Amino acid sequence: MYSLQKERISRLKHHWGRLGDLPDRYLPEMPLLKEPVDLVVEGYSSDQEIENLEAYQEELRETLNLKEDTRIVLVSHHLTHLYSAFFPSPFQQAACLVIDAQGSRVRDFTERVDLPPGTPDDLLEVSSFYRCTRSRVECLAKQLWDGDWSRPVGLGCFYALLTRMLWPTGEGNEGKVMGLAPFGDPARLGLPDLDVRGHEVFIPQAWLQTFRRHDAYVYEPEGEGFSRAADLAAAGQRAFENALARLAAWLHARTRLDNLAFAGGTALNCSANGRLIRESPFREVFIPPSPHDGGTAVGCALYGLIDQLGQPSEFRWTNDFLGPDPDESEIGAAVQSLPDGLVAEQPEDLIAAMIDLLADGRVVGLHQGRSESGPRALGNRSIIGDPRRPEMQDYINFEVKGREWFRPLAPLVLAEHAERIFDVDRPAPFMQYAADVREEYRHQLPGITHVDGTARLQTVEPENTPFLHALLTRWYERTGSPVLINTSLNGPGDPLTETPEQSIDTLLKTNMHALAMPPYLIRKRLEPPVPGADWTRP
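All residue numbers refer to position in the chain's written sequence, counted from 1. Predicted model: local features are reported for residues with pLDDT of at least 70 only, side-chain atom pairs are reported and counted for 80 or more only, and whole-chain, interface and lining totals are derived from all residues. In computing side-chain properties, one takes all heavy atoms of the structure into account and sets aside hydrogens as well as water.

## What to know about the overall build of the chain
Numbering of helices and strands runs from the N terminus, with a helix taken as a DSSP run of H or I at least four residues long and a strand as a DSSP run of E at least two residues long. A tally of helices and strands in the chain yields 17 helices and 19 strands. Each radius of gyration reported is based on C-alpha atoms, and the globular scaling rule is 2.2 Å times the count of residues to the power 0.38. For 538 residues, the compact-globule estimate of 2.2 N^0.38 gives 24 Å, and the C-alpha radius of gyration of the chain, at 23 Å, lies within 12% of that figure. When the backbone C-alpha atoms are referred to their principal axes, the chain occupies close to 70 × 65 × 40 Å. Considering only residue pairs separated by 6 or more positions, the chain has 72% of its internal contacts joining residues 24 or more positions apart. Seen as two clouds, the 54 positive and the 78 negative side-chain charges of the chain have centres 4 Å apart. Here, two residues are considered to be in contact whenever any of their heavy atoms come within 4.5 Å of each other. Two residue types count as positive, namely Lys and Arg, and two as negative, namely Asp and Glu; His and chain ends fall outside the count. The atom standing in for a charge is NZ when the residue is Lys, CZ when it is Arg, CG when it is Asp and CD when it is Glu.

## Notes on the environment of Pro 289
If you trace the backbone, Pro 289 turns up in the loop between β9 (284-286) and α10 (296-308). Along the chain, Pro 289 and Thr 318 lie 29 residues apart, while their C-alpha atoms are 9.6 Å from each other. For Pro 289, the residues in contact, after removing those within four places along its chain, are Trp 317, Asp 320, Gly 374, Pro 375, Phe 430 and Gln 432.

## Quick look at the pattern of salt bridges
A side-chain nitrogen of Lys or Arg and a carboxyl oxygen of Asp or Glu constitute a salt bridge if their distance falls within 4 Å. Scanning the entire structure with this criterion turns up 33 salt bridges. Of the charged contacts, one joins Arg 362 and Glu 527 as a salt bridge, the two residues approaching to 2.7 Å between their closest N and O atoms. One end of the pair, Arg 362, is in the loop between α12 (350-359) and β11 (364-367); the other, Glu 527, is in the segment after β19 (520-524), with 165 residues separating them in the sequence. Here's how the labels work: a residue is buried when its accessible area is under 20% of the maximum for its type, exposed when over 50%, partly exposed in between, all with a 1.4 Å probe on protein chains only. A relative accessible area of 18% places Arg 362 in the buried class. Ionic contacts of the salt-bridge type, sharing partners, join the residues Lys 6, Asp 21 and Arg 25 into one network.

## What to know about the nonpolar core
In plain words, nonpolar cores are sets of buried Ala, Val, Leu, Ile, Met, Phe, Trp, Tyr and Cys residues tied together by side-chain atoms within 4.5 Å. Judged by nonpolar contacts, the single largest core of 90 residues is most densely connected at Leu 155, Leu 180, Trp 207, Leu 244, Leu 251 and Phe 422. Here this core takes 14 residues from helix α8 (residues 223-255), the largest share from any one element. Residues within four places of Leu 180 in sequence aside, it is in contact with Trp 167, Tyr 219, Phe 226, Ala 229, Ala 230, Ala 233 and Phe 406. In terms of nonpolar packing, the next biggest core, distinct from the first, is built from 38 residues, Val 73, Leu 79, Val 106 and Phe 109 among them.

## As for the packing of aromatic side chains
Each aromatic ring pair is specified by the distance between its two centres and by the angle formed by the two planes. Stacked, edge-to-face and tilted labels apply to pairs of Phe, Tyr and Trp rings (six-membered ring for Trp) whose centres lie within 6.5 Å, assigned for plane angles under 30 degrees, over 60, and everything in between, in that order. For the structure shown, the criterion picks out 21 aromatic pairs. An angle of 20 degrees between the planes, with centres 4.6 Å apart, marks the rings of Tyr 83 and Phe 87 as stacked. Using a relative accessible area of 5% as the deciding quantity, one classes Tyr 83 as buried. Residues Trp 167 and Phe 406 carry aromatic rings whose centres are separated by 6.4 Å and whose planes lie at 40 degrees to one another, so their mutual orientation is tilted. Of this pair, Trp 167 sits in the loop between α5 (155-166) and α6 (174-180) while Phe 406 sits in the loop between α13 (392-401) and β13 (410-414), and the two are 239 residues apart along the sequence.

## Description of the pairing of strand β3 (residues 93-99)
Among the seven residues that make up β3, six are buried, leaving the element largely enclosed by the rest of the structure. Pairs of strands are assigned from DSSP output, requiring at least two bridges between the strands. Of the pairings in the sheet, the one linking β3 to strand β8 (residues 259-263) comprises four bridges and is parallel in character. In the sheet register, Ala 95 faces β8, and the bridge partner there is Leu 260.

## Looking at helix α3 (residues 53-63)
Taken together, the buried positions of α3 are occupied by Tyr 56, Gln 57, Glu 59, Leu 60 and Thr 63. Down the axis of α3, the sector holding all buried residues measures 155 degrees, keeping them to one side. Exposed positions of α3 whose direction lies more than 90 degrees from the buried face are Glu 54 and Glu 62. Tucked into the core, α3 has its buried residues touching α2 (21-29), β1 (36-44) and β2 (65-76). The directions considered for the arc run from the helix axis to the C-beta atoms.

## Let's talk about the sheet that holds strand β5 (residues 136-145)
Backbone hydrogen bonds are what pair the strands of a sheet, in a parallel or an antiparallel way. One open sheet holds the five strands; their spatial order is β5-β4-β3-β8-β9, and the pairing between them is mixed. Across the chains shown, the open sheet's two edge strands, defined by having one partner strand only, are β5 and β9. Averaged over all pairs of adjacent strands, the angle between strand axes in this sheet comes to 20 degrees, irrespective of strand direction. The pairing of β3 with strand β4 (residues 124-133) spans seven bridges and is antiparallel. From the neighbouring strand, Leu 97 faces β4, where its bridge partner is Phe 129. Interaxial angle, 0 to 180 degrees, is taken between N-to-C directions of lines fitted to C-alpha atoms, where a helix line uses only the stretch in contact.

## Examining a negative patch on the surface
Residues Glu 29, Asp 327, Glu 328, Glu 330 and Glu 501 make up a contiguous surface patch of negative charge. By the secondary structure assignment, Glu 29 is in helix α2. Each patch is built from residues lacking any salt bridge and having more than 30% relative accessible area; the joining distance is 9 Å for like charges and 5 Å for nonpolar side chains (Val, Leu, Ile, Met, Phe, Trp, Tyr). Shrake-Rupley sampling with a 1.4 Å probe provides the accessible areas, and residues are treated as covered by the protein chains on show and by no other component.

## Some words on the sheet that holds strand β10 (residues 342-345)
The eight strands lie next to each other as β10-β19-β18-β11-β12-β17-β13-β16, forming an open sheet whose pairing is mixed. Unpaired on one side and paired on the other, β10 and β16 (458-460) mark the two borders of the sheet. Within the sheet, the average angular offset between the axes of one strand and its neighbour, ignoring direction, is 30 degrees. Sheet analysis places β13 next to β16, joined by three bridges and oriented parallel. Within β16, the position partnered with Val 413 by the bridge is Thr 459. Of the strands in this sheet, β10, β18 (514-517) and β19 touch helix α11 (residues 328-336), which is tilted by about 25 degrees from β19. On top of the sheet, α12 reaches β11, β12 (381-385), β17 (483-488), β18 and β19; it is set at about 30 degrees to β19, its chief contact.

## Overview of the packing of α8 against helix α9 (residues 270-279)
α9 packs onto α8 with a crossing angle of 40 degrees between their chain directions and a minimal axis gap of 10 Å. It follows that α8 is oblique to α9 by the angle criterion. Between α8 and α9 the crossing geometry is right-handed. Mapping the contact onto sequence places Gln 237, Phe 240, Glu 241, Asn 242, Leu 244 and Ala 248 in α8 and Ser 271, Ala 272, Arg 275 and Leu 276 in α9. In this count, Pro and Cys sit with the nonpolar residues alongside Ala, Val, Leu, Ile, Met, Phe, Trp and Tyr, while Asp, Glu, Lys and Arg are called charged and the others, Gly among them, polar. Here the contact of α8 with α9 is built from residues that sort into five nonpolar, three polar and two charged. By the definition adopted for this analysis, an angle is roughly parallel if under 35 degrees, roughly antiparallel if over 145, roughly perpendicular if from 65 to 115, and oblique otherwise. Two helices that cross are described as forming a left-handed crossing if the nearer one is turned anticlockwise from the farther one by less than a right angle, and a right-handed crossing if clockwise.

## Overview of the environment of His 78
Position of His 78 among the secondary structure elements: in helix α4 (residues 77-85). A relative accessible area of 0% means that His 78 is categorised as buried. Separated by 380 residues in the primary sequence, His 78 and Gln 458 place their C-alpha atoms 27 Å from one another. When neighbours within four sequence positions are excluded, His 78 is seen to be in contact with Val 98, Asp 100, Gly 103, Glu 125, Val 126, Ser 127, Ser 128, Tyr 130 and Lys 142.

This is the structure we're talking about:
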């Protein structure tokens with residue numbers, strides 16, 4: 001399985017697809033696309049690109065090596081989310097939940113749904129509820145919306161509006177809201193819970209009136225503006241979590257199944273996911289590493305294989321390294337062309353050299369293997385640091401990532417030590433849910449402990465992340481701590497790096513100290529300041 005988001009090629013974060021992408025961007029990056037193609041599956045939502053459908057299909061025929069009997073199949077949006085979550089899950093049967101801001105219109109559904117007679121065909125799906133087995137997908141219910149933002153409904157619309165209140169411009173700011181919420185008081189503004197009726201969520205007037213005050217809660221980094229923004233984020237996060245819990249309870253009551261698969265953009269909310277895992281009536285919860293729209297390409301591929309070609313799929317989300325196969329010659333060429341400010345070496349023991357740097361307070365990038373397909377760095381395009389240093393979070397946020405001071409950093413932890421340090425009872429290989437850092441470790445690990453005492457952990461085992469496991473094991477032997485900081489390898493406003501050149505450029509343009517690109521270690525001739533030594537918070 002291969003998956004590559006456009007932003008990794010174009011270097012524009014959250015870059016949506018357009019005509020020309022297939023021949024100009026994807027074909028040069030993914031050689032497999034030049035092989036004969038048996039089936040093409042296109043996923044689509046409700047945006048205006050659907051109006052260019054004929055042009056897209058003509059582009060497919062001109063670009064790909066289609067066989068004479070090759071079909072081009074369309075699949076509606078929530079179904080792509082479903083196939084990206086349930087079929088690669090470990091479950092034989094499960095309840096499935098898909099929630100986002102808006103999916104396909106009723107007239108474009110490619111699944112059977114029992115809707116009331118006379119349902120307008122231009123309504124949009126905002127949530128979908130399923131009972132699934134390996135041989136059958138049954139849609140139990142959907143919440144629909146007319147697309148008018150003056151009367152929004154559903155959890156996805158609610159969180160989109162909440163995000164827009166705090167950060168009116170740009171895309172992908174939902175994670176900032178989640179990180180800001182613990183700094184606020186959810187009760188101070190007096191805003192209510194959302195109105196949940198069975199499987200449907202409605203937004204009370206008090207919230208709608210708040211959303212009309214467009215400039216009242218825009219995020220500011222300090223003072224009263226910060227407090228107002230944090231209080232709104234806290235109220236919104238609480239309302240979101242409470243409503244999600246009630247939807248999960250409704251779905252469990254309908255299915256009486258032990259397992260839940262959850263996808264859609266809202267499934268990136270790690271704080272809510274942690275509560276879902278701890279408190280919902282489901283015994284097991286599976287959230288794919290790419291539950292957002294970036295994972296729908298995987299859903300399309302699995303829909304084509306299983307539903308259209310009748311073939312069983314053995315693909316399971318055991319790891320998220322679905323990018324193109326690395327070319328070792330590209331790494332060598334990039335190292336040979338290093339700019340003057342950088343120098344490369346090939347240490348006899350690369351892991352030992354990395355640990356020396358980390359123990360001395362340096363921040364080290366790690367570029368290896370196939371890139372992650374989802375939005376979270378899981379060890380192949382990562383920035384690593386020492387979580388024991390109180391200054392490390394500020395240093396990475398200010399000097400490397402160039403982002404807001406309150407943003408938390410995630411921990412890597414050896415799987416065998418996770419339950420000792422975090423309040424968890426299951427693996428977390430995809431960094432998809434937040435858990436409490438146990439009280440006795442919070443002061444020891446300030447770099448990864450958020451203000452509410454939680455962390456969005458990634459458990460590390462040797463099967464899927466051998467280099468990372470070896471690094472953590474030897475870090476534990478050296479320091480007595482089985483935890484390191486892990487955040488995505490990118491500079492301010494950039495998506496995760498894809499190529500060796502992009503990772504080297506990130507080293508050059510930020511105050512990261514070094515970049516490990518096996519077998520090379522690249523350092524700066526003029527080293528930046530070191531947190532805990534000669535760096536102070538601006």
